[in-house]
Amino acid sequence: MKGEYIYQTLPHFFQNLMVSLYNKLMYKKRYGGEYKEYLDRFIKNRTLSLTQLKEIQNERFVDLVNFSKVNSPFYRSLYNNIETSSSVNEISKLPILDKELLRKEIDNVRTISSRQAIHSKTGGTTGKSLEVYFTTENMQERFAMLDDFRGRYGYELGKKTAWFSGKSLLTKRDVRKHRFWKTDLVHKVRYYSTFHIKEDNLKYYLEDIIQFQPEYLVGFPSNILEIAKYGTRYGYKYPERVTKAIFPTAETITSEMREIIEPFFHSKMFNQYASSEGAPFIFECSEGNLHLELQSGVFEVLDDDDQPTTSGKLIVTSFTTYGTPLIRYDIGDSITLENENKTCSCGNKNPMVREILGRIDDYIFSPENGKINLGNVSNTLKDTKGIIRFQVIQNELNTLELFVETDKVVYNKKIEDKFLQNWRDRVGNKMEISIHYVDNIPVEKSGKFRIVKNNIKHLLSE
Ligand SMILES: [Zn+2]
């Protein structure tokens, strides 16, 4: 791409400037329009009773269903013979929508045109590419909700933040100079590359973070973990009372992560659950409990026979998906609910979740670049078309095998090149990568599809 090429040739300072400008434009969209109104409302609503929260939930549920019936060809025909109810209590009358069906019917599910939409691509954890459309207003509401959550710990845009996300911003020159970040000078956000996290580089990451002194850390927790481990191992002292909170995204938090990250950065982690297709939110509170956010959607926990239970698959209905409505969507994760009678001393009356299960904490390993986490593996689908799903298997340190199911009408050599380039961006140029085109990638005994199968963990020391 031309823009990308120009960016690559600019000096570091101008690249920082471009990152700042890009963000300024993006933030204008995110934080314009209805954003402020939503944020004020969510802040005010922090103290609502459970009854009040359920009233809001019911009202929004009815509105989303009615809207979808009128504006989405898919839902219009899906609900054709169903008397859609006027209450969330009768949600089980509606059919469940699984990922496969959503992917297949996506053009009919959407209610807005590509031009009007904010696009969100998701590889998810199943390796299938899917693109949902958000309305600008829904996107603004989602950011308001996230900012209300982070704001409980003092966060706001403009406070110094270290960000670890799947953006690929570095040039070869940066890597040579051990400079693994770019900075948005206007909003004081430093983006650290998540593609170069490996032993030899960790020193530079860590020493830069210590010098940068971010008030907040946001992003892939597996990356933050590697840095904290390195710092602990080599006796680095991270300054106290600098970092106020750590907000992990996209991956499951393990207890190991908390035990190593929190003491090293002298800061607590506050977990959240969401997804790029627009799932409703689950937020961790100051007491370390997870709360469903009923204002953002409906959460059902069902067993294998689709009957309500306390631990099972999560079916979501999301109120911020008017562009691509998600109603009773099987998102592919499972959760365990907390006992209904339990209340939390944080003051939030939203029901609690005992545990978010589901997403597999897995990675592949590049001798050149280190661990490539699941989020980055999924992102290899970026700018590709026609890849139905893929699986990556690593049986040796220096080789990767990709098994790929394609839509032969759409897929071509050019897309293969892009897909492979996305892999090279992450694993480097030394690993041997082979692609096998197959008609069907088998699932695990558990019935679960795994995008990553790492069979070399025993070779890697901690
Ligand atoms: Zn709480």
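Everything below is about the structure printed above this text.
Points about the side chain of Arg426
Within the secondary structure, Arg426 sits in helix H13 (residues 413-427). The buried charged residue Arg426 lacks any salt bridge, with Asp425 as its nearest oppositely charged partner at 4.6 Å. Setting aside its immediate chain neighbours within four residues, Arg426 contacts Phe195, Asn369, Ile372, Asn376, Asn379 and Thr380.

Comments concerning the coordination of the zinc ion
For the zinc ion, every protein donor is listed as Cys285 (SG), His291 (NE2), Cys344 (SG) and Cys346 (SG), and the spread of their distances is 2.1 to 2.3 Å. Taken together, the four donor atoms coordinating the zinc ion span angles of 106 to 116° at the metal, a pattern that classifies the geometry as tetrahedral. Between consecutive donor residues of the zinc ion, the sequence gaps follow C-x5-H-x52-C-x1-C. With a gap of 59 residues between them, Cys285 in the loop between strand S10 (282-284) and strand S11 (290-292) and Cys344 in the loop between strand S14 (326-337) and strand S15 (352-356) connect regions that are remote in the sequence. Assessed through its relative accessible area of 12%, Cys344 is described here as buried.

Looking at the pairing of strand S18 (residues 387-396)
Taking burial as the measure, the ten residues of S18 include seven buried ones, the bulk of the element. Relative to strand S19 (residues 399-406), S18 runs antiparallel, the two sharing seven bridges. Directly across from Val392, in S19, lies its bridge partner Leu402. In this antiparallel pair of consecutive strands, S18 and S19, the connection spans two residues. Bridge analysis of S18 against strand S21 (residues 452-454) gives three bridges, and the strand direction is parallel. Among the inter-strand pairings, Ile393 is bridged to a residue of S21, identified as Lys453.

Digging into the packing of helix H10 (residues 221-233) against helix H11 (residues 255-265)
Following both chains from N to C, one finds H10 and H11 inclined at 60°, their axes separated by 9 Å at the closest point. When the axes of H10 and H11 are compared, the pair comes out oblique. Helix-helix and strand crossings are classified by hand; for H10 and H11 the assignment is left-handed. Seen from H10, the contacting residues are Pro221, Ser222, Ile224, Leu225, Ile227, Ala228, Lys229, Gly231 and Thr232; seen from H11, they are Glu256, Met257, Ile260, Ile261, Phe264 and Phe265. Residues of the contact of H10 with H11, tallied by class, amount to ten nonpolar, three polar and two charged.

Quick word on unusual backbone geometry
For His266, which is not a glycine, the phi torsion comes out positive at approximately 50°. Locating His266 in the fold gives a position in the loop between H11 and strand S9 (272-273). Even without being a glycine, Asp383 presents a positive backbone phi close to 60°. Looking at where Asp383 falls in the secondary structure, it is placed in the loop between helix H12 (374-378) and S18.

Some points on the nonpolar core
One recurring pattern in soluble globular proteins is that nonpolar side chains are buried together. Of all hydrophobic cores here, the largest spans 68 residues; its most connected members are Phe61, Leu102, Phe247, Ile282 and Tyr329. The biggest single contributor to this core is helix H7 (residues 136-151), with six residues. Excluding anything up to four places from it in sequence, Phe247 contacts Phe149, Arg150, Tyr153, Tyr155, Tyr216, Leu217, Val218, Gly219 and Phe270.

What counts as what
- Residues numbered from 1 in each chain as written.
- Predicted model: local features only at pLDDT ≥ 70, side-chain atom pairs only at ≥ 80, totals over all residues.
- Heavy atoms only, no water.
- Helix = DSSP H or I, 4+ residues; strand = E, 2+ residues; numbered from the N terminus.
- Buried < 20%, exposed > 50% of the residue type's maximum accessible area, 1.4 Å probe, protein only.
- Lys, Arg positive; Asp, Glu negative; His and termini not counted.
- Salt bridge = Lys/Arg side-chain N within 4 Å of Asp/Glu carboxyl O.
- Contact = heavy atoms within 4.5 Å.
- Donors = N, O, S within 2.8 Å, 3.2 Å for Na, K, Ca; no water.
- Tetrahedral: all angles 85-135°; square planar, octahedral: opposite > 155°, others 65-115°.
- Pairing = 2+ DSSP bridges.
- Axes fitted to C-alpha atoms, helices over the stretch in contact; angles between N-to-C directions.
- Parallel < 35°, antiparallel > 145°, perpendicular 65-115°, else oblique.
- Left-handed = near helix turned anticlockwise from the far one by under 90°.
- Nonpolar A, V, L, I, M, F, W, Y, C, P; charged D, E, K, R; others polar.
- Core = buried A, V, L, I, M, F, W, Y, C linked by side-chain atoms within 4.5 Å.

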